[in-house]
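Examination of the molecular architecture
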Amino acid sequence: MSARVALTVAGSDPSGGAGIQADLATFAGRTTYGCAVVTALTAQNTRGVTGVHPVPAAFVAQQLETLLDDVTVHAAKTGMLGSADVVHAVVDVLSRRPVGPLVVDPVMVATSGDQLIDDDAVDAVRTALLPICDLLTPNVPEAARLLHVEQARAVDDLRDQAVALLDLGPGAVLVKGGHLAHALGESTDVLAVRGPGGGTSVHLSRRPLVATSNTHGTGCTLSAALAAGATTAGTTGAAPDWPALVEEARDVLQAGLLHADRLGVGSGNGPVSHGAYAWGEL
Ligand SMILES: Nc1ncnc2c1ncn2[C@@H]1O[C@H](COP(=O)(O)OP(=O)(O)O)[C@@H](O)[C@H]1O
Ligand SMILES: Cc1ncc(COP(=O)(O)OP(=O)(O)O)c(N)n1
């Protein structure tokens, strides 16, 4: 028997709340072996980002090629890619070399407001990465930026934007409603899935609002849990059951949010507790 292997292609967050550190912790919590290709170093803590040191695109490609020469990956996720060159390098390798279902978290801005991607890279995500993506997981501002529309203000807007984003190429889209959670009084994400016959199904995933400011890394944790869940489909080549995997991943994140205040890491927006679900902590 061999392990289910998930890959993250993302930036480093030394505080451990987001980026590759969050992804690897989440993979481990889902009993999935984790590999990581690093796209950028950030100087970051729970209060914000003070610097970004990008990895050259050719070296991102070299990391991927070298890994895939040796290791079979059953599902992958992308997080912070940073520049158009890195986006194109990742797309070039992943379109030639199968890594199972691909989850794209189109990371653009940290909770602290710091920009993690430039405008050319957003265009590259839209035109090159989304066509090879199996599940796209934008938050409210990211969905609006990808579609060139105003930010969603209600669940109907989340639904319309999830369906509209399917036209850019992904097999499924989960528009996350975390930025509306306080206004709505609960956290509602909307999943749109393209069916084999071309029809679209829409699913609402709802959870009670967790009253915490310790939300650093929520998006990374959710997309990593989704990639970990998709490794099972990746071992057989079956299509992932995205509605079921979204519910599982949201349970992982909800436990992480409920346990976050007990971590006491840093003095800003602290990290979610990536392993809480696996430990049975609530
Ligand atoms: N306070 C909260 N309570 C419960 N769920 C939340 C809360 N904040 C965010 N979430 C959930 O965390 C996930 C990521 O949230 P969101 O803030 O939308 O994305 P990002 O972290 O990428 O900015 C979504 O599933 C969202 O519904
Ligand atoms: C290196 C790195 N990657 C991604 C993020 C953003 O992560 P996210 O999960 O969206 O969490 P918040 O920034 O919203 O807390 C990051 N900060 N750093």
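Parameters and conventions
- Residues numbered from 1 in each chain as written.
- Chains lettered and ligands numbered in written order.
- Predicted model: local features only at pLDDT ≥ 70, side-chain atom pairs only at ≥ 80, totals over all residues.
- Heavy atoms only, no water.
- UniProt positions renumbered as here; feature names shortened; annotations may be inferred.
- Patch = residues over 30% accessible without salt bridge, like charges linked within 9 Å, V, L, I, M, F, W, Y side chains within 5 Å.
- Areas by Shrake-Rupley, 256 points an atom, 1.4 Å probe, with all protein chains shown as cover.
- Salt bridge = Lys/Arg side-chain N within 4 Å of Asp/Glu carboxyl O.
- Helix = DSSP H or I, 4+ residues; strand = E, 2+ residues; numbered from the N terminus.
- Buried < 20%, exposed > 50% of the residue type's maximum accessible area, 1.4 Å probe, protein only.
- Disulfide = S-S within 2.5 Å.
- Pairing = 2+ DSSP bridges.

In the nomenclature of an unreviewed UniProt entry, the chain corresponds to Hydroxymethylpyrimidine/phosphomethylpyrimidine kinase from the organism Klenkia marina. Regarding the chain, the UniProt comment filed under Function (unreviewed entry) reads as follows: "Catalyzes the phosphorylation of hydroxymethylpyrimidine phosphate (HMP-P) to HMP-PP, and of HMP to HMP-P."

**So, a nonpolar patch on the surface**
On the surface, V163, V202 and L204 cluster together to form a nonpolar patch covering roughly 190 Å² of accessible area. With respect to the secondary-structure elements, V202 resides in strand β9 (residues 200-208). The exposure class of V202 is partly exposed, given its relative accessible area of 33%.

**Considerations on the state of the cysteines**
Evaluation of the coordinates by the stated rule reveals 0 disulfides. Cysteine C35 shares no disulfide, and the gap to the nearest cysteine sulfur, in C220, comes to 18 Å. Its relative accessible area of 8% is what places C35 among the buried residues.

**Topic: the pairing of strand β8 (residues 186-194)**
Within β8, 7 of the 9 residues are buried, which leaves the element mostly enclosed by the surrounding structure. Where strand β7 (residues 172-175) and β8 come together, 4 bridges link them in antiparallel fashion. Opposite V173, over in β8, you have A192 as the bridge partner. Where β8 lies against β9, 9 bridges are found, and the strand directions are antiparallel. When the bridges of β9 are listed, R194 appears paired with T200. Between the end of β8 and the start of β9, which pair antiparallel, lie 5 residues, with G198 showing a positive phi angle near 100°.

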